[in-house]
Structure formats: structure tokens, C-alpha cells
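# Overview (structure and organization)
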Amino acid sequence: PSVYRGHLVVKKCNGWGGLNDKAALLDGRLLRQVLARPALDWFDDKAFRKLQEVGDINNPEGYLLAVARAHGVPIRLVAPGAIPALTGRFGRNGAACVQVLKLGERAKCTPRDCPSRRAIFCSRCSDTNTSVAESRAYQYQLHFLMKGCGAVACGPRAAGRIRRSSTVQDAIS
């Protein structure tokens, strides 16, 4: 679609002062600037100094933003539902699960619709080896994940599928 034509499109959440590095859509004409330049500039002293002038590089997300800006890559930030990707891993039982503590402050890096949020809730990782602080943070995230969506019963067929906006364009806000 035209939403990513000529742009690097990333979620406008969990950027940590830079670009969310979990998933992106991009125009093929930007492949070199977006995918190759981060590695090439890292090993080029002159290019790296230019990156430091362009922006603060305190983490990988900040580095990616500096590279994009230095090479004139147009960036478009979209709502979380536009790019349906979440941080996950494989649980102890071998099944894929969603890491609730990686959903962003107040679970803002998740789709807004309740069916998708229920699917995430029912697919969450359930680790028993967590500290009290992690447990409180986990409960806090679950509260915001399910806020306004009512009660959820998880079972073999309850998880459903995470919905994607009908088009990426619809999810841009």
C-alpha cells in the first residue's frame, strides 16, 4: 500500500528515544539505508561521528533513528495495530507466548481492539520464577491490557487470533 511507499514505517510505541526495532514496513528502495547502513556506519569512523551529531545514541533504538535521519530516510509512525508484531518467546512447554512485561507502558504497544487483546491475554507467558516487583509490574500490565474488555476465559478455542486493521492506512493515527 501507499502508506509505506518511500517511508520506513514503525510502531509509535516502545521507541525508547529512537525507533521501535521489533518490526517495520519499508519501501524496497530504502533497503540499503535501513538494513545495511547501520552496520556499515558502525565501522566507519567518519560516518559514526556524523551519527553522533544527528542524535543521541544511548541504545539500539536511538542508533537506528540516528542512521535513518543521517541518510534522509522518511519515517512514518503508526498505531500498534498497523504492524501486528509482539515480543514473544517459547515457554517451558514449547508453545509460543507473549511477554506481557514487553508490551510497553500501560500495554500501549498492543492493538486496541478487545478480540486481539483477549488473544494476547490468553497467549501470555506464565513464568512462576518472578520477583515480587516483577509480579506487581506483570499485574499492572495485565490490568491495562484488558481494561474495558471485560472478563476473559482462556481455553483451547478462546485465544483466537490477533486481528489486524483492515488496512495499514486505517491504523495510522
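Analysis parameters
Residues numbered from 1 in each chain as written. Predicted model: local features only at pLDDT ≥ 70, side-chain atom pairs only at ≥ 80, totals over all residues. Heavy atoms only, no water. Helix = DSSP H or I, 4+ residues; strand = E, 2+ residues; numbered from the N terminus. Buried < 20%, exposed > 50% of the residue type's maximum accessible area, 1.4 Å probe, protein only. Contact = heavy atoms within 4.5 Å. Areas by Shrake-Rupley, 256 points an atom, 1.4 Å probe, with all protein chains shown as cover. 1 Å grid on protein atoms, 1.4 Å probe; cavity = no way out; pocket = protein on both sides within 12 Å on 5 of 7 lines; lining within 4 Å. Points joined across faces, edges and corners; volume = space filled by probe spheres on them. Nonpolar A, V, L, I, M, F, W, Y, C, P; charged D, E, K, R; others polar. Axes fitted to C-alpha atoms, helices over the stretch in contact; angles between N-to-C directions. Parallel < 35°, antiparallel > 145°, perpendicular 65-115°, else oblique. Salt bridge = Lys/Arg side-chain N within 4 Å of Asp/Glu carboxyl O.

## Here's the deal with the overall build of the protein
- What the protein contains, in helices and strands, is six helices and five strands.
- In the protein, the succession of α and β elements from N to C terminus is β-β-α-α-α-β-β-β-α-α-α.
- With 173 residues in all, the protein has 36% of them scored as buried.
- Nonlocal contacts in the protein, meaning residues at least 24 apart in sequence, comprise 67% of its contacts between residues at least 6 apart.
- Total accessible area on the protein is roughly 10,400 Å²; 53% of this is exposed by carbon and sulfur atoms.

## Concerning empty space enclosed by the protein
- Summed over the entire model, instances satisfying the criterion amount to one cavity of 30 Å³ or more.
- In this structure, the largest cavity encloses a volume near 60 Å³.
- Lining the largest cavity are Lys 11, Asn 14, Asn 20, Lys 22, Ala 85, Leu 86, Thr 87, Lys 102, Leu 103 and Cys 109.
- Along the lines of polarity and charge, the residues of the lining of the largest cavity split into four nonpolar, three polar and three charged.

## Side note on the packing of helix H1 (residues 31-42) against helix H3 (residues 60-70)
- In the contact formed by H1 and H3, the axes pass within 10 Å of each other and the chain directions differ by 105°. The angle between the axes of H1 and H3 places the two elements in the roughly perpendicular class. Residues Gln 33, Arg 37, Pro 38, Asp 41 and Trp 42 of H1 lie in contact with H3, whose contacting residues are Tyr 63, Leu 64 and Val 67.
- For the contact of H1 with H3, a count of residues per class yields five nonpolar, one polar and two charged.

## Let's talk about the pattern of salt bridges
- If you walk through the whole model with that rule in mind, you get three salt bridges.
- Note that Arg 29 is salt-bridged to Asp 27, the shortest N-O span being 2.5 Å.
- Judged by its relative accessible area of 61%, Arg 29 falls in the exposed class.
- Across the salt bridge formed by Asp 41 and Arg 37, the nearest N and O atoms sit 2.5 Å from each other. Of this pair, Asp 41 and Arg 37 both sit in helix H1, four residues apart, roughly one helical turn.
- Its relative accessible area of 0% is what places Asp 41 among the buried residues.
- Classification of Arg 37 by relative accessible area gives buried; the value is 17%.

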